[in-house]
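Inside the fold
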Amino acid sequence: MRKELEKVYDPKQVENRTYEFWQKGNYFHAEPDPKRKPYTIMMPPPNVTGQLHMGHALDNTLQDILIRWRRMQSYNALWMPGTDHASIATESKVVEAMREEGLTKEQLGREGFLKRAWAWKEQYGGRIVSQLKKMGSSCDWERERFTMDEGCSKAVNEVFVRLYKKGLIYKGERIINWCPHCKTSISDAEVEYEEKDGAFWHIKYPVVGSETGEYLEVATTRPETLLGDTGIAVNPNDERYQKYIGKKVILPLCDREIPVIEDEYCEMDFGTGVVKITPAHDPNDFEVGQRHNLPIINVFNEDATINENGGKYQGMDRYACRKALVADLEAEGYLLKVEPYKHNVGSCYRCHTVIEPRVSLQWFVKMEPLAKPAVQAVRDGRTKFIPERFEKIYFNWMENVKDWCISRQLWWGHRIPAYYCADCGEMVVSKDPVAVCPKCGGKMEQDSDTLDTWFSSALWPFSTLGWPEDTPELRHFYPTDTLVTGYDIIFFWVARMIFSGLEQMGDVPYHTVLIHGLVRDEQGRKMSKSLGNGIDPLKVIDEYGADALRLTLATGNSPGNDMRYSDAKVRSSRNFANKLWNASRFILMNLDDSDTDVSLPDTLTIEDKWILTQYNQLVKEATENLEKFELGMAVQKIYDFIWDVLCDWYIELTKSRLQAGGDTSKAARQILVYVMSNTLKLLHPFMPFITEEIWQALPHDGESIMISRWPEFDPDLDFKEEARQFTKVMDAIKAVRNRRAEMNVPPSKKASLHIETSSPSVFENCVPFLERLASASNVEVGKEFHLPGAVQVITDSAKIYIPMEELIDKEKELARLNKEKASCEKDIGFIRKKLDNPGFVAKAPVQLVETERGRLATAQERLAKIEESIAALEK
RNA sequence: GGAGGCGUAGCUCAGCUGGUCAGAGCGCUUGCUUCACACGCAAGAGGUCCACGGUUCGAGCCCGUGCGUCUCCACCA
């Protein structure tokens, strides 16, 4: 059994090999099995051409922890992986690459472009997947899916047609957010607002037919939209402007007269109380325009240059036009004043170009009927958010959501399954291609737009399981259990999956949504490409190992909260891996050929009972933490157990036994193997590689730790009383060490200990520990000692004399004892105060009152001992 | 305008249902070539748990107000 391990753990020699071993064992794969309980996680599909960043690393670490843990608990655990086609992002990358070759989309045509896009996908599509494997992700790769693969595309068409037939998808002319750079519409959720410095231009609109030269003063932040004005509005209750309602004003610089209308939308106390109405380029103006039947004049081209409706400004970029137009207004005396003004400007979440609201014909999903049941599902608790506060955010959005613009003027994506007759204009919405017009027999052409990327990802939880077919997978694994994702895509994705699941499957897509925060840089900034402050997880893995990175991301990370990444944290995780490695090395070095299994010895010593009790408690608590999604807390406890309990104490305690050999050594080895290999199981979901490596080296049953059974609390290993007794010895050891350190006695200088205690047997049993761990040359245990000149160490259960007269400074010793006395008295006062409070005794739980009484007694005993010592010294 | 998070040791953060909750890691100080580990061992210093009120026998924890800070939603031209 003896196995030589390197002194320092080297993840590089372990990780790839271990991952291959798992894959060969087919441990990641799950098959539907009605006899077993499923546990399913759908991976949020990363962008197919993307690269792994810290956000993915965190997201996937959490998922892998959950799936590995449940798998070990014998669930039929499926972690479904896949990638997203990411329409805008991918398309713009391909376009960019083409631009470098001097090519445009238009030159290539739709087919040629798509060919390139697929080639791009093939080239970069595997990258993110192999990066996820480096993390140790135990996904079922056999089931890997892509949002644009055949099955997912089929699901998309199916859903589109169903929703259309129910009247939940419609086509209409609405104001949408237009990105002049991506040249497509984007949904409301895809617009990011940012406060920017702008200006308020006050413009004079002369009243038609006024002989006195009357005018209305309008303030605007976007003067160039004046070209599309078709009216100006005042509030119906605004006395200042009553007389102008119904009249017309001259639109400056344009030969156009536009009406003055009244509308509640116009607020009296904002700006001048007069607002220009540009129905084609402002969502509110659009509605006002609808109410008053104002014409809609679109003045922009797709790239936000001015179109033919802009007269002399045609062809200018919107900002060039703004400049020119303002100059003209000023020259012609229309410009009354310019005020600096801060306002929010919307921009495209992908390219950050300022969006231009624009009227156009787009496809929409009618949200209200879908949102209602989706809200209800969360209210009923059929889906829970962790932490709960994100439910509020979800409700707030769902309850105020506007219709979802799903058409995109892009080529990379699912083409909208609507077909139009070139001859008669008939439209058919159909899952399958329609070539001939059912009405006139003319040639049909498919809608040129594609769908919003999120339309297909909204179906991810069931489209990946084979829907719309009724597959065994779908029946077994849906609804899934846990969705793990960041709060940044609750609206984009989570909300849409929930209403899609309810609508198509009649059930929620998952029971729990575990929300995590962002991984920020050391200074707390968002990691971003533009800042260049992103940390590459692969580099971290290369330097410290995947386990170290995973441990870092899992530790101290509480749901929903952002965390900061720092190298120092990863280093300390790496150190932990090394600590574990060396503890295992120690155990392995001591094993012999007879140590072949993981069983417990027949007789247990007190320290065995102590460690088993601690271990058993750990099993219970860590499991409970995991059940409550307190992953960080669970791993913290496992970490503390391994380092502080197992390494710092138990291993040290076994050393004398191991050296002694014989039965007692054998028993110690059995306990070490038992505790270590089972603790490795607890740690495995967090640090899969190193735990597998060590587990394999130790005596073990089964092929792999990842398919071993998750430990359970064992009432037979609960030795509370013995454990409590044993801590008396530990306290004594700590107290002696403390005194020796204070007096600067080097460990090499041994001294005898005389232990005065009312519970001598436990100390008598533990003499070797005191010798080894408290630098004792010999130990005597008794009821009473008279060693007035000795150093005295007082614990709750013992008074220990260390005869080191030469080291004693009587004054100092007295001062120290008096300090201890004072602190002890303070404790007693504190507890007394509680117990003297009738309210406390009457209302606090009985058990707590008892505990306090016990504490008081202990403290009083301790005080007595201190006082004795003082008295002895003063003699 | 609305909603929410955060404020705990020098730094980064944990603290579950209010009662051994004053914690961890890093950093710092002092010892230690202890036969697994210096990526280590041992001992320590360091906190008005943002402030003020309230509830309670009892408050980092619950409620209110304020301050600081961050974020999301809305988008009044």
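Up top is the structure.
Our subject in this report is the structure included herewith. These figures come from a predicted structure and were not determined experimentally.

1. Some details on the protein's contact with RNA strand B
Taken together, the neighbourhood of RNA strand B is formed by 57 residues, with Phe270, Asn284, Asn738, Asn837 and Lys843 sitting nearest. A distance of 2.6 Å separates a phosphate oxygen of RNA strand B from a polar atom in the side chain of Trp643. In the environment of RNA strand B, a sugar or linking oxygen lies 2.4 Å from a nitrogen or oxygen atom belonging to the side chain of Asn837. Residue assignment for the surface near RNA strand B shows that the elements contributing at least two residues are β8 (215–220), β13 (335–348), α9 (389–399), α16 (567–590), α18 (631–660), α21 (720–742), α25 (838–843) and α26 (846–874). Of all the elements, α16 adds the most residues to the surface near RNA strand B, at 11 residues. Along the lines of polarity and charge, the residues of the surface near RNA strand B split into 21 nonpolar, 18 polar and 18 charged.

2. Regarding the side chain of Asp64
Turning to its location among the elements, Asp64 is positioned in helix α2 (residues 54–72). Classification of Asp64 as buried rests on a relative accessible area of 0%. Sequence-distant contacts of Asp64, that is, excluding residues within four places in its chain, are made with Trp79, Gly136, Ser137, Ser138 and Arg550.

3. Points about the sheet that holds strand β7 (residues 191–206)
Here three strands make up an open sheet; going across it, the order is β8-β7-β13 and the pairing antiparallel. Strands with a single pairing partner mark the edges of an open sheet, and in this sheet they are β8 and β13. The average undirected angle you get between the axes of adjacent strands in this sheet is 20°. Direction of pairing for β7 relative to β8: antiparallel, over a ladder of six bridges. Residue pairing for β8: Tyr205 is matched across the bridge by Leu216.

4. Examining empty space enclosed by the protein
Empty space among the atoms becomes apparent when a probe as large as a water molecule is rolled across them. Evaluation of the coordinates by the stated rule reveals two cavities of 30 Å³ or more. Within this model, the largest cavity holds a volume of roughly 80 Å³. Along the walls of the largest cavity sit Val159, Leu163, Val365, Leu370, Trp404, Phe455, Ala458, Leu459, Phe499, Ser500, Glu503 and Gln504, which together make up its complete lining. Mapped onto the lining of the largest cavity, the elements with two or more residues apiece are α5 (150–165) and α13 (490–505). A volume near 70 Å³ is recorded for the second largest cavity. Taken together, Leu62, Leu514, Ile515, His516, Asn557, Ser558, Pro559, Phe629 and Leu631 make up the full set of residues lining the second largest cavity.

Here is what the cut-offs are and how they apply
- Residues numbered from 1 in each chain as written.
- Chains lettered and ligands numbered in written order.
- Predicted model: local features only at pLDDT ≥ 70, side-chain atom pairs only at ≥ 80, totals over all residues.
- Heavy atoms only, no water.
- Near = heavy atom within 4 Å.
- Polar contact = N/O pair within 3.5 Å; in protein donor to acceptor, adjacent residues only side chain to side chain.
- Helix = DSSP H or I, 4+ residues; strand = E, 2+ residues; numbered from the N terminus.
- Nonpolar A, V, L, I, M, F, W, Y, C, P; charged D, E, K, R; others polar.
- Buried < 20%, exposed > 50% of the residue type's maximum accessible area, 1.4 Å probe, protein only.
- Contact = heavy atoms within 4.5 Å.
- Pairing = 2+ DSSP bridges.
- Axes fitted to C-alpha atoms, helices over the stretch in contact; angles between N-to-C directions.
- 1 Å grid on protein atoms, 1.4 Å probe; cavity = no way out; pocket = protein on both sides within 12 Å on 5 of 7 lines; lining within 4 Å.
- Points joined across faces, edges and corners; volume = space filled by probe spheres on them.

Interpretation in functional terms is not warranted from these geometric data alone.
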